[in-house]
Amino acid sequence: MAQKESLVYEPEQLEAYDFRRAMEEASRCLLCEDAPCSQGCPAGTDPGSFIRSIRFKNVTGAAETIRENNILGASCALICPQERLCQAACSRCGIDKPIEIGKLQQYAMEHERLTNKTFLTKGDTFTDKRVACIGAGPASLACAAELAKAGVEVTIYDEHSEAGGMLRYLIPPYRLPDQVVNQDIAQLEKLGVKFELNHKVSKEELAKLRTEYDTVFVGAGMWGAKTLPIPGADLEGVVTAIDFLSEARTNRGEVKELGNVVIIGGGDVAMDCAATSKLLGATHIYDVFVETLEAAPAVQQEKEFVFQLGVPMISEFKPVEFNGNGKVQRVKFEHMTNGSTMEIAADTVILAVGQKLREDASTFKEEEGLYIGGDLLNGGDTVVRAVNEGKEAAAKIMESFRG
């Protein structure tokens, strides 16, 4: 077994701003009246407002703004691709560089944790209404929070033993520690949201829940993994990114010896697999993908982190065959344009080539009394997009209650 303590960080170990650095960064804000950064946040976290609060030393007010707008404010501070969203819209981009919004959000959320602040309270508008949320991922959590703030009695059902969905079970803890997820979940519990965990809802039970609750929200995640239809894909040692990351996180860093690892894919999930393999002590690691390095979909920060770990990235090659005698031993690749080939020795192959809805969730459609959001609606997108869809679903549900 391999075990590396570096796979798990405490909140205090994460690179973060102190008071002086936070004030320096917030003072760079131009205090734009139209706040393009706020317009660039799918979840409506409103960075324009919370940065202004930090600038004027009202860190508690900043944390309150974040929490009121985004129930997953602590998690999103660490994993949201700010460079593609709010920071890309920052007005300072045309002057020098954008405000480091994610770092300021992390600073405010850490202030909330250290001071044990609670900003959200259960309302009294719809105290006679009951809603069931299926899945404990970002969309359901956001929907539940908005409903609970209006007084709705909400119960979240999830097949896992802990809430959080892919935040909890797929994103590596060096990026998103359990303690940060727990900080967000605790806010829901304080709102009175109930959790029915280790409870997988079948289609038959879903029909029953629709008669027991006023409304049901389904926020099923993309827990199905895509594979490759090439020879040898069924060999031992060829695993999906979902299985690999879930095992690494669930077992808290204790996994089988990985040996030589070949990762196929150029997205953020592939970068997570590469970094996790390195931290778990893999002998050699190669990340191979069909795109050019510039076109690989992973965010630049994640690519740079993997580079710093010494993981080679090989671009513009596609896998054509996995070879081995019962267990994978080599992977054959072919260049995307010139037809040249190469082979890489491998004890473990990780397929980070995409995710899909499981068959039991792929047929859900929004209809009267049933709302959907998250991966089920958008086909797999950012956490902040899922938060937005959960909030929008909650607004629709409450409008139906008024109607």
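Further up the page is the structure itself.
Per-chain numbering applies: the sequence of each chain, read as written, is numbered from 1 onward. Two thresholds apply to this predicted model, a pLDDT of at least 70 for residue-level local features and 80 or more for giving and counting side-chain atom pairs, whereas whole-chain, interface and lining totals are computed over all residues. Values shown for side chains rest on all heavy atoms present in the structure; no hydrogens or waters enter the calculation.

### Some thoughts on the packing of aromatic side chains
For step 1, the next point in the chain: Pairing of aromatic rings covers Phe, Tyr and the six-membered ring of Trp, with a centre-to-centre limit of 6.5 Å; geometry is then stacked below 30 degrees between planes, edge-to-face above 60, and tilted otherwise. Scanning all chains against the criterion turns up 3 aromatic pairs.
For step 2, the next point in the chain: A centroid spacing of 6.4 Å and a plane angle of 90 degrees characterise the contact between Y157 and Y213, whose relative ring orientation is edge-to-face. Of this pair, Y157 sits in strand β2 (residues 153–157) while Y213 sits in the loop between α11 (203–212) and β4 (215–218), and the two are 56 residues apart along the sequence. Exposure class is identical for Y157 and Y213. Each is buried.
For step 3, the next point in the chain: Over a ring means this: the NZ of a Lys or the CZ of an Arg is within 6 Å of the ring centre and within 35 degrees of the ring normal. The ring centre of Y213 lies 4.2 Å from the NZ or CZ of R130, which sits over that ring. Counting from the N terminus, the helices are the DSSP runs of H or I reaching at least four residues and the strands are the DSSP runs of E reaching at least two. Buried, partly exposed and exposed residues are distinguished by accessible area as a fraction of the type maximum, computed with a 1.4 Å probe on protein chains only: under 20%, between the cut-offs, and over 50%, respectively.

### Observations concerning the nonpolar core
For step 1, the next point in the chain: By nonpolar core is meant a set of buried Ala, Val, Leu, Ile, Met, Phe, Trp, Tyr and Cys residues that side-chain atoms within 4.5 Å join together. I54, L104, L147, I156 and L188 are the most contacted members of the largest nonpolar core, which totals 69 residues.
For step 2, the next point in the chain: It is helix α16 (residues 383–402) that contributes the most residues to this core, 9 residues altogether.
For step 3, the next point in the chain: For L188, the contacting residues outside a window of four places in its chain are I71, L141, A144, A145, V193 and F195. The criterion used for residue contact is that any of the two residues' heavy atoms lie within 4.5 Å.

### A word on the sheet that holds β4
For sheets, the rule is that strands pair by backbone hydrogen bonds, running either parallel or antiparallel.
For step 1, the next point in the chain: Taken together, the 5 strands give an open sheet; going across it, the order is β3-β2-β1-β4-β15, and neighbouring strands pair in parallel fashion. Either end of the sheet is taken by a strand with one partner, and the two such strands are β3 (194–196) and β15 (370–372). Taking each pair of neighbouring strands and ignoring which way they run, the sheet shows an average axis angle of 20 degrees.
For step 2, the next point in the chain: Here β2 runs beside β3; their pairing, made up of 3 bridges, is parallel. Counterpart to T155 in the pairing with β3 is K194. Any two strands with at least two DSSP bridges between them are considered paired. For helices, the axis comes from a line fit to the C-alpha atoms of the stretch in contact; other axes are also lines fit to C-alpha atoms, and the angle between any two N-to-C directions lies between 0 and 180 degrees.

### With respect to the environment of A63
For step 1, the next point in the chain: Residue position: A63 is located in helix α4 (residues 59–69).
For step 2, the next point in the chain: Among the residues examined, A63 registers a relative accessible area of 0% and is labelled buried.
For step 3, the next point in the chain: On a C-alpha basis, the gap between A63 and I51 in space is 10.0 Å, while along the polypeptide they are 12 residues apart.
For step 4, the next point in the chain: If sequence neighbours within four positions are ignored, A63 has contacts with A108, M109, E112 and F119.

### Some points on the sheet that holds strand β12 (residues 341–345)
For step 1, the next point in the chain: As summarised here, the arrangement of the 3 strands in space is β10-β11-β12, forming an open sheet in which the pairing is antiparallel. The open sheet is flanked by β10 (317–324) and β12, the only strands paired with a single partner. Between one strand and the next, the sheet's axes are offset by a mean angle of 25 degrees, whatever the strand orientation.
For step 2, the next point in the chain: Bridging between β10 and strand β11 (residues 328–335) involves 7 bridges; their strand directions are antiparallel. The residue of β11 that forms the bridge with N323 is R330.

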